[in-house]
Amino acid sequence: KVKTAILISGRGSNMVALVEAAQLETFPAEIVGVISNRPGAAGLEKAQALKVPTAVVDHKNYKTREAFEHALHEQLLSMEAELVCCAGFMRILTPWFVSNWQDRLINIHPSLLPKYKGLNTHQRAIDAGDSETGCSVHWVTEDLDAGAVILQDSVTISPNDTADLLAARLLPIELSLYPKALSKVAKQIQSRV
Ligand code: GAR
């Protein structure tokens, strides 16, 4: 199984979906740890309840982004991670970190990439008059939310939708998409020589 770590900053519902999927005997990845950059992230307790090792690397304890990322990198190495899943991890990663984890770093983003990189994706889709939006699991590259899409799924936007309603309706779709994408990527890594 591909040893996989999950990076979170908050609620951790995507993280829980990945952990639960990976509990299946036949799943090609195992979750070796969950790391949060926020000590108060609700996801930490959820991971502990699921008996997954957790760690906090609080970006506020480091003077520079580079110093924070070095600590994060060391934590990932100590968990023996071979693959990293960002799941609601709200820090921009530098080229140094991204190149160290090249082809081993994925993220879930709440839009149909390449549309709406960055924040406030649902409001931007509504404001643009789009008839649908969705979520994308993609490879992380130097440029924010710009790496190749691994899997995508969509929801219809109705006339009365708000950003909050859309986010709530999209969440179960994210929770089913991310484990599928992790499975796909882990199998790909297993087949690399
Ligand atoms: C998810 O909706 C995810 O797509 C989004 O944050 C939420 C995290 O929820 N990610 C981003 O916006 C990344 N820029 P969760 O912590 O409950 O999984």
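Residues numbered from 1 in each chain as written. Predicted model: local features only at pLDDT ≥ 70, side-chain atom pairs only at ≥ 80, totals over all residues. Heavy atoms only, no water.

**Examining the sheet that holds strand S2 (residues 29-36)**
Strands pair in a sheet through their backbones, by hydrogen bonds, and they do so in one of two ways: parallel or antiparallel.
Part 1 of the argument: What the 7 strands build is an open sheet, ordered S3-S2-S1-S4-S5-S6-S7; its pairing is mixed. For this open sheet the edge positions go to strand S3 (54-56) and strand S7 (149-156), each flanked by a neighbour on one side alone. Across the sheet, the mean angle separating the axes of adjacent strands is 20° when strand polarity is ignored.
Part 2 of the argument: In the sheet, strand S1 (residues 2-8) pairs with S2 via 7 bridges, with the strands oriented parallel. Looking at the pairing, Val2 lines up with Ala29 of S2.
Part 3 of the argument: Packed onto the sheet, helix H2 (residues 42-49) meets S1, S2 and S3 and runs at close to 155° relative to S3. (Pairing = 2+ DSSP bridges. Helix = DSSP H or I, 4+ residues; strand = E, 2+ residues; numbered from the N terminus. Axes fitted to C-alpha atoms, helices over the stretch in contact; angles between N-to-C directions. Contact = heavy atoms within 4.5 Å.)

**Concerning the site of the ligand**
Part 1 of the argument: Every residue close to the ligand is listed here: Arg11, Gly12, Ser13, Asn14, Gly88, Met90, Ile108, His109, Pro110 and Glu174.
Part 2 of the argument: Note that an oxygen atom of the ligand is positioned 2.8 Å from one of the backbone N or O atoms of Gly12.
Part 3 of the argument: Contact between the ligand and Asn14: an oxygen atom at 2.9 Å from a main-chain N or O atom of the residue.
Part 4 of the argument: Protein chains bury 85% of the 450 Å² of accessible surface belonging to the ligand in isolation.
Part 5 of the argument: Its atoms largely coinciding with the cavity grid, the ligand occupies the largest pocket.
Part 6 of the argument: The set of elements that each furnish at least two residues to the shell around the ligand consists of helix H1 (13-22) and strand S5 (105-109).
Part 7 of the argument: Residues belonging to the shell around the ligand are distributed by class as follows: 3 nonpolar, 5 polar and 2 charged. (Near = heavy atom within 4 Å. Polar contact = N/O pair within 3.5 Å; in protein donor to acceptor, adjacent residues only side chain to side chain. Areas by Shrake-Rupley, 256 points an atom, 1.4 Å probe, with all protein chains shown as cover. 1 Å grid on protein atoms, 1.4 Å probe; cavity = no way out; pocket = protein on both sides within 12 Å on 5 of 7 lines; lining within 4 Å. Sits in = over half its atoms within 2 Å of the grid points. Nonpolar A, V, L, I, M, F, W, Y, C, P; charged D, E, K, R; others polar.)

**What about the side chain of Asn14?**
Part 1 of the argument: For Asn14, the location among the structural elements is in helix H1.
Part 2 of the argument: Classification of Asn14 by relative accessible area gives buried; the value is 7%.
Part 3 of the argument: Within the structure, the side chain of Asn14 is placed 3.1 Å from the side chain of Glu174, a separation counted as a polar contact. (Buried < 20%, exposed > 50% of the residue type's maximum accessible area, 1.4 Å probe, protein only.)

**Digging into the nonpolar core**
Part 1 of the argument: By size, the foremost hydrophobic cluster in this structure holds 40 residues, and its most contacted members are Ile6, Met15, Ile106, Val137, Tyr178 and Leu182.
Part 2 of the argument: Leave out the neighbours within four places in its chain, and Tyr178 touches Asn14, Leu18, Cys85, Cys86, Ala87, Ile106, Asn107, Ile108 and Val137.
Part 3 of the argument: Among the nonpolar cores identified, the runner-up in size contains 21 residues, and Ala5, Ala71, Met79 and Trp101 belong to it. (Core = buried A, V, L, I, M, F, W, Y, C linked by side-chain atoms within 4.5 Å.)

**Focus: the layout of surface pockets**
Part 1 of the argument: Looking at the largest pocket, its volume works out to about 940 Å³.
Part 2 of the argument: Taken together, 37 residues form the lining of the largest pocket, with Gly88, Phe89, Met90, Ile108 and Pro110 sitting closest to its centre.
Part 3 of the argument: Of all the elements in the fold, those that place two or more residues in the lining of the largest pocket are H1, S5, helix H5 (121-127) and helix H6 (163-190).
Part 4 of the argument: Ranked by residues supplied to the lining of the largest pocket, first place goes to H6 with 5 residues.
Part 5 of the argument: Per-class residue counts for the lining of the largest pocket are 16 nonpolar, 15 polar and 6 charged. (Points joined across faces, edges and corners; volume = space filled by probe spheres on them.)

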